[in-house]
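Structure at a glance
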Amino acid sequence: MAAEAVAVSIRKVGKRFGNVAALDDVSLDIRRGEFFSLLGPSGCGKTTLLRSIGGFEAPTEGDILIEGRSVLHLAPYERPTNMIFQHLALFPHLGVRENVGFGLRMKGADRAASARRVEEALRLVRLEDYGERRVDQLSGGQRQRVAMARALVNDPAVLLLDEPLGALDLQLRLQMQEELRRLQRQLGATFVFVTHDQGEAMAMSDRIAVMNAGRLQQVGTPAEIYERPANRFVATFVGHANMIEARLTGRAAEGLAEAEGPAGLRLRGIAPPHGATDGGVLAVLRYEKLRILPHGADGEGIGATVVEKTYMGSSLRFACRTGAGATMTADTPNAMPQRDIGEGDMVRLAWSPEDVVLLTD
Amino acid sequence: MPRPFPGVRPIGKPFWLMLPGVAWLLVFGLAPVAFMVAVSFWRSSIFGTTPDFVFDSYARIIEEPLYLDLIVKTLRMAALTTLLSLLVSYPLAWFLATRRGAWKAVWLVAVFVPFWISYVVRTFVWLPILGRNGLINQSLMALGITDAPVEWLLYNEGAVYVGLVYVYTLFMTLPIYLALGRIDPKLLEAAADLGARPWQTFRHVVLPLSWPGVLSGCIMVFLLAVSAYVTPRLLGGTSGIMLGNMIASQFLSNNNWAMGAALSVTLVGIVGALLLVTGRWIGIAEVFTGGKK
């Protein structure tokens, strides 16, 4: 990656609170113009990392560079970043226009030019008619937009978003996701977005960094994260998957490997990196990649019995027990022919080796 | 409007529930003021004060510079006391509001405990501190800074400020402390994030958001200081006298109730007018409604 394309560079950053490491040896590069998400459960360090970029936390180790310049010695007000806070933190004593213009005013920008930019920012978030309102006269979605305008009007090198959609109900949340994505594309700005919602991260991001217990687990596109989880944590945290403990038995062609699961279940899947050829592995197979076929179908796959069928609206979830006694779960669209399969029915389960990921940790 | 308890028959608006409150206000609030206003129109002579309806006392207040000067001086002293209290209290309130954990309770108790003691006693303690052979003079002489006791520490206007600020400062600290405590710390971060340097954050976020606390503190201290009696009496000597002392002596030694009452009414009128005028200017309504419009 060319150095000039990097907006934020996190280098071996650690943050210790006493004996607890909130961040542990985190290194990653965020590209300019990228929608980058930090995804993980609460307490994983994603917010600490975001606040470290903004200057609200001081890392105890490592360095953070923005546009190639170390920013660790800079106070928040000196950094080329702006943050949208979890609870927005709009100024209650100021109107919409004053909130949006706050940053420009603090920097002593020219009054007329500021006023123009504030109007522009309000138009950008579609609040051009709300400049005179008090912030407590706005709806949740409108307040979101004010927070966005207040940050974006300063034209930050990096926009930091600390779970700003967390408090919204689902419909509004989806709407704001779209809105954020639109803004980011339109402005070509670099967004760093913290969330614990994997669906949100998937839908919005160019790339995602999955974090757990202060450590970086995997960095990649949503597809890479989902299709090729790097380890057990990513496989479980993102999406739903069958996790089968198995032993490697040998290598196969095209980057595949053979493994043996419980009760003699033969598995073929994408081989773990580092060339391991034996030892324990975890076979990961997404629910929807497991095909469930009526019993009469051709001899593809293995025989199983449906233990439980869960109706989920657009999809159906079947928990099955294989002849050898392993439990496997399949998600299918709520359509024929799977729709007619019921609990207790005999079925066949099939999958492609390319959909099985073998993990050593 | 839907009935809150369906099936329960309303028995008309229960005005009588207001009775205790209204009675309290009438007996302890309105009646004494009304009586004082009435007395201010009585006639006074060397034989005492007799009920009447004359403007003698008010005429004297206007005609004799002694009274007007004292009223102006009292207002000036109350204003300066308020200002000094604000300067002392704001940093103190900020300090208290920004403490965290167990130490916060310790600091709060340390600040508030002295105020469990009567303000008369707390005024008295300045005598052995500021007095001729007091703590300060002893220290100054022990350190060789002065040879003889400094005489101007006590019994003047300056000593009254020391006493008043000390005695009433908590009435300023408390509302400011509460107002500061209500400020979401995230707002300070948001301000810093938007490029505000610390003093800008203070000027544009902290100060406006604590303004209602500042106003109610100022009003409290001003009202208390303008009617001060004990502090100027104990610490002020002859040059530190305030209107409260004058009013008291009209009642107690001059036996001129009408004059005392008239001075009181005049003070109430002036202070009320001041509150009205400044209220328009600085948004006093917020003080009494808790900052909600």
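Remember, predicted model here, so these are calculated numbers, not experimental data.

Notes on unusual backbone geometry
All names here are of chain A.
- Here the bond from Met336 into Pro337 is cis, since omega is 0 degrees, no more than 30 degrees from zero.
- Residue position: Pro337 is located in the loop between strand 18 (327–333) and strand 19 (346–350).
- Residues other than glycine seldom take positive phi values, yet Leu88 does so here, at roughly 70 degrees.
- Even without a glycine there, the phi angle at Glu163 is positive, about 45 degrees.
- Considering the arrangement of structural elements, one finds Glu163 in the loop between strand 7 (158–162) and helix 5 (170–187).
- You can call Glu163 buried: its relative accessible area is 11%.

Description of the interface of chain B and chain A
- Counting residues at the interface gives 18 residues for chain B, matched by 22 residues for chain A.
- Buried surface at the junction of chain B and chain A, summed over both partners, amounts to about 1800 Å²; 64% is from carbon and sulfur atoms.
- The largest contributions to the chain B side of the interface with chain A come from Asp193, Leu194 and His204 of chain B, which together make up 37% of the buried area.
- Across the contact surface, chain B and chain A share one salt bridge.
- Where Arg51 of chain A meets Glu189 of chain B, a salt bridge forms, and the shortest distance between an N and an O atom there is 2.6 Å.
- Across the contact surface, chain B and chain A share seven residue pairs in polar contact (both at pLDDT 80 or more).
- Of all the elements in the fold, those that place two or more residues in the side of chain B that touches chain A are helix 9 (185–193) and helix 10 (198–226) of chain B.
- With seven residues, helix 9 of chain B is the largest single contributor of residues to the side of chain B that touches chain A.
- Of the residues assigned to the side of chain B that touches chain A, the class counts are 10 nonpolar, three polar and five charged.

Remarks on the UniProt feature "transmembrane region" (unreviewed entry) in chain B
- Mapped onto the present numbering, the UniProt feature "transmembrane region" (unreviewed entry) falls on residues 21–42, 77–98, 105–129, 159–180, 205–230 and 257–277 of chain B.
- Secondary structure within residues 21–42 of chain B divides into 86% helix and 0% strand; the distance between the first and last C-alpha atoms comes to 31 Å.

A word on the side chain of Arg150 of chain A
- Inspection of the secondary structure assignment puts Arg150 of chain A in helix 4 (residues 140–152).
- No salt bridge is formed by the buried Arg150 of chain A; the nearest opposite charge belongs to Asp193 of chain B, separated by 6.6 Å.
- Setting aside its immediate chain neighbours within four residues, Arg150 of chain A contacts Leu88, Ala89, Leu90, Phe91, Asn99 and Val100 of chain A together with Ala190 and Leu194 of chain B.

Considerations on the pattern of salt bridges
Residue and element names in this part refer to chain A.
- Enumeration according to the criterion identifies 30 salt bridges over all chains in this entry.
- Here Arg207 makes a salt bridge to Glu34, at a shortest N to O gap of 2.5 Å. Remark: Glu34 occurs in the loop between strand 2 (20–31) and strand 3 (35–39) and Arg207 occurs in strand 9 (residues 207–212); sequence separation between them is 173 residues.
- Classification of Glu34 as buried rests on a relative accessible area of 5%.

Some points on the sheet that holds strand 15 (residues 291–294) of chain A
Residue and element names in this part refer to chain A.
- Reading across the sheet, the five strands line up as 15-19-16-17-18 and stay open at both edges, with antiparallel pairing between neighbours. With partners counted over all chains shown, the strands left at the sheet margins are strand 15 and strand 18, one partner each. Strand-to-strand twist of the sheet, defined as the mean angle between neighbouring strand axes without regard to direction, takes the value 45 degrees.

The rules we used
Residue positions are counted from 1 within each chain, in the order its sequence is given. Going through the entries in the order they are written, you letter the chains from A and number the ligands from 1. In view of the model being predicted, local features appear only for residues whose pLDDT reaches at least 70, and side-chain atom pairs are presented and counted only at 80 or more, with totals across whole chains, interfaces and linings using the full set of residues. In computing side-chain properties, one takes all heavy atoms of the structure into account and sets aside hydrogens as well as water. Secondary structure elements follow DSSP: runs of H or I no shorter than four residues count as helices, runs of E no shorter than two count as strands, and numbering proceeds from the N terminus. Relative accessibility under 20% of the residue-type maximum defines a buried residue, over 50% an exposed one, and the middle range a partly exposed one, all with a 1.4 Å probe and only protein chains included. Should any heavy atoms of two residues lie within 4.5 Å, those residues are counted as being in contact. Once two parts are joined, some of their accessible surface, as seen by a 1.4 Å probe, is lost; buried area is that loss totalled over both. We count a salt bridge whenever a side-chain nitrogen from Lys or Arg sits within 4 Å of a carboxyl oxygen from Asp or Glu. By the criterion applied in these results, polar contacts are pairs of N or O atoms within 3.5 Å in which, for protein atoms, one can donate a hydrogen and the other can accept it, and in which residues neighboring in sequence qualify only through two side-chain atoms. Each residue is assigned to one class: nonpolar for Ala, Val, Leu, Ile, Met, Phe, Trp, Tyr, Cys and Pro, charged for Asp, Glu, Lys and Arg, and polar for all the others, Gly among them. UniProt positions are given in the numbering used here, feature names are shortened, and annotations may be inferred rather than shown by experiment. Here the positive residues are Lys and Arg and the negative ones are Asp and Glu; neither His nor the chain ends is included. Two strands pair under a simple rule: DSSP has to find at least two bridges between them. Think of each axis as a best-fit line through the C-alpha atoms, taken over the contacting stretch in the case of a helix, with angles from 0 to 180 degrees between the N-to-C directions.

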